[in-house]
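This is what each chain is made of:
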Amino acid sequence: RKEVEQDPGPFNVPEGATVAFNCTYSNSASQSFFWYRQDCRKEPKLLMSVYSSGNEDGRFTAQLNRASQYISLLIRDSKLSDSATYLCVVGFTGGGNKLTFGTGTQLKVEL
Amino acid sequence: DAGVTQSPTHLIKTRGQQVTLRCSPKSGHDTVSWYQQALGQGPQFIFQYYEEEERQRGNFPDRFSGHQFPNYSSELNVNALLLGDSALYLCASSLGPSGSSYEQYFGPGTRLTVT
């Protein structure tokens, strides 16, 4: 079983749609959780950290369920510019700070 | 405020050769992590350097080694290159190995092609 699992997609959605990404992780001792965005042939960029209380940043909402080891990202009113790969990332500090990435979910927002 | 920088941007090497990749962390950051990203995959953790020491290592062979300098910059060395080493190599910087936010910021990467 992979440490971080995501649906690879692609998710093809019309502009203005709401889209949800889900992710599960296997290490119950994980301590930090993130969503990164990666455009084609570019580096991953931090989209948002994820907290148990849930957090929102404009059109983006992230949720964490530690009991179920489940992380989600909701994008409302999607824009063409949201087209990218979204990476679910889990951090564990065992003498350092190692980030474990999912394979990413590809989103294509269309006119 | 300079972000994470990496050099070179692209590199082509032959099987069996050795390669050195370089990274300068974001201003104010003291910890550097290296990741390998194969096509269609998420980045895979190679190792992390803090205070000029390797603090944590992923499942990579000893052919992969690194170094951190007093100015916090870092190098990744790969010996005896294999075709499978072709990938995007990403450097990420953060503040402290177990900083309160754990957030890591990535450089643009070095795309290595082994022929």
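Rules of the game
Residues numbered from 1 in each chain as written. Chains lettered and ligands numbered in written order. Predicted model: local features only at pLDDT ≥ 70, side-chain atom pairs only at ≥ 80, totals over all residues. Heavy atoms only, no water. Pairing = 2+ DSSP bridges. Helix = DSSP H or I, 4+ residues; strand = E, 2+ residues; numbered from the N terminus. Axes fitted to C-alpha atoms, helices over the stretch in contact; angles between N-to-C directions. Disulfide = S-S within 2.5 Å. Buried < 20%, exposed > 50% of the residue type's maximum accessible area, 1.4 Å probe, protein only. Core = buried A, V, L, I, M, F, W, Y, C linked by side-chain atoms within 4.5 Å. Contact = heavy atoms within 4.5 Å. Buried area = accessible area lost by both parts, 1.4 Å probe. Salt bridge = Lys/Arg side-chain N within 4 Å of Asp/Glu carboxyl O. Polar contact = N/O pair within 3.5 Å; in protein donor to acceptor, adjacent residues only side chain to side chain. Nonpolar A, V, L, I, M, F, W, Y, C, P; charged D, E, K, R; others polar.

What about the sheet that holds strand 3 (residues 19-24) of chain B?
Whenever strands of a sheet pair, they do so through backbone hydrogen bonds, lying parallel or antiparallel.
All names here are of chain B.
Phase 1 of the analysis: One open sheet holds the four strands; their spatial order is 1-3-8-7, and the pairing between them is antiparallel. The strands lining the two open edges of the sheet, one partner per strand, are strand 1 (5-7) and strand 7 (64-68). Neighbouring strand axes in the sheet, compared pairwise and without regard to direction, differ in orientation by 20 degrees on average.
Phase 2 of the analysis: Relative to strand 3, strand 1 runs antiparallel, the two sharing three bridges. From the neighbouring strand, Gln6 faces strand 3, where its bridge partner is Cys23.

Notes on the state of the cysteines
A covalent bond bridging the sulfur atoms of two cysteines is what the word disulfide describes.
All names here are of chain A.
Phase 1 of the analysis: Evaluation of the coordinates by the stated rule reveals two disulfides over all chains.
Phase 2 of the analysis: The partner cysteine of Cys23 in its disulfide is Cys88, sulfur to sulfur 2.0 Å. Its torsion about the S-S bond being -75 degrees, the disulfide of Cys23 and Cys88 is classed as left-handed. Here Cys23, found in strand 3 (residues 19-25), pairs with Cys88, found in strand 9 (residues 84-92); they are 65 residues apart in sequence, far enough to count as distant. Accessibility classification places Cys23 together with Cys88 in one group, the buried group.

Some remarks on the nonpolar core
Phase 1 of the analysis: Ranked by size, the top nonpolar core spans 23 residues in total, and within it A:Phe21, A:Trp35, A:Ile71, A:Leu73, A:Ile75, A:Tyr86 and A:Leu107 carry the most contacts.
Phase 2 of the analysis: Among the elements of the structure, strand 3, strand 4 (32-38), strand 7 (60-65), strand 8 (70-75), strand 9 and strand 11 (105-110) of chain A are those that each provide at least two residues to this core.
Phase 3 of the analysis: Excluding anything up to four places from it in sequence, A:Tyr86 contacts A:Gln6, A:Phe21, A:Trp35, A:Tyr36, A:Arg37, A:Leu47, A:Phe60, A:Leu73, A:Ile75, A:Gly104, A:Thr105 and A:Leu107.
Phase 4 of the analysis: Membership of the second largest hydrophobic core comes to 20 residues, among which are B:Val32, B:Ile46, B:Tyr49 and B:Ala87.

Section: the pairing of strand 7 of chain A
Residue and element names in this part refer to chain A.
Phase 1 of the analysis: Here three bridges tie strand 6 (residues 55-57) to strand 7, and the two strands are oriented antiparallel to one another. Considered in strand 7, the bridge of Asn55 is made with Ala62.
Phase 2 of the analysis: Hairpin remark: strand 6 followed by strand 7, antiparallel, with two residues in the connecting loop; positive phi at Gly58, about 65 degrees.
Phase 3 of the analysis: Across six bridges, strand 7 lies against strand 8 in antiparallel orientation. Of the residues in strand 8, the one forming a bridge with Thr61 is Leu74.

Let's talk about the sheet that holds strand 8 of chain A
Residues and elements named next belong to chain A.
Phase 1 of the analysis: Pairing within the open sheet is antiparallel, and its five strands lie in the order 1-3-8-7-6. If you trace the sheet from one side to the other, it starts and ends with strand 1 (4-6) and strand 6, each paired once. Strand after strand, the sheet turns through a mean of 20 degrees between neighbouring axes, direction not considered.
Phase 2 of the analysis: Two strands pair when backbone bridges link them, and strand 1 and strand 3 are joined in this way by three bridges, in the antiparallel orientation. Looking at the pairing, Gln6 lines up with Cys23 of strand 3.

Describing the interface of chain A and chain B
Phase 1 of the analysis: With 23 residues of chain A in contact, the opposing surface of chain B contributes 24 residues.
Phase 2 of the analysis: For the pair chain A and chain B, the two sides together bury roughly 1,900 Å², of which 52% comes from carbon and sulfur.
Phase 3 of the analysis: Remark: the boundary between chain A and chain B carries zero salt bridges.
Phase 4 of the analysis: Taken together, chain A and chain B are joined by five residue pairs in polar contact (both at pLDDT 80 or more).
Phase 5 of the analysis: Elements with a minimum of two residues in the side of chain A that touches chain B: strand 4, strand 5 (45-49), strand 9 and strand 10 (98-101) of chain A.
Phase 6 of the analysis: With four residues, the top contributor of residues to the side of chain A that touches chain B is strand 4 of chain A.
Phase 7 of the analysis: Per-class residue counts for the side of chain A that touches chain B are eight nonpolar, eleven polar and four charged.

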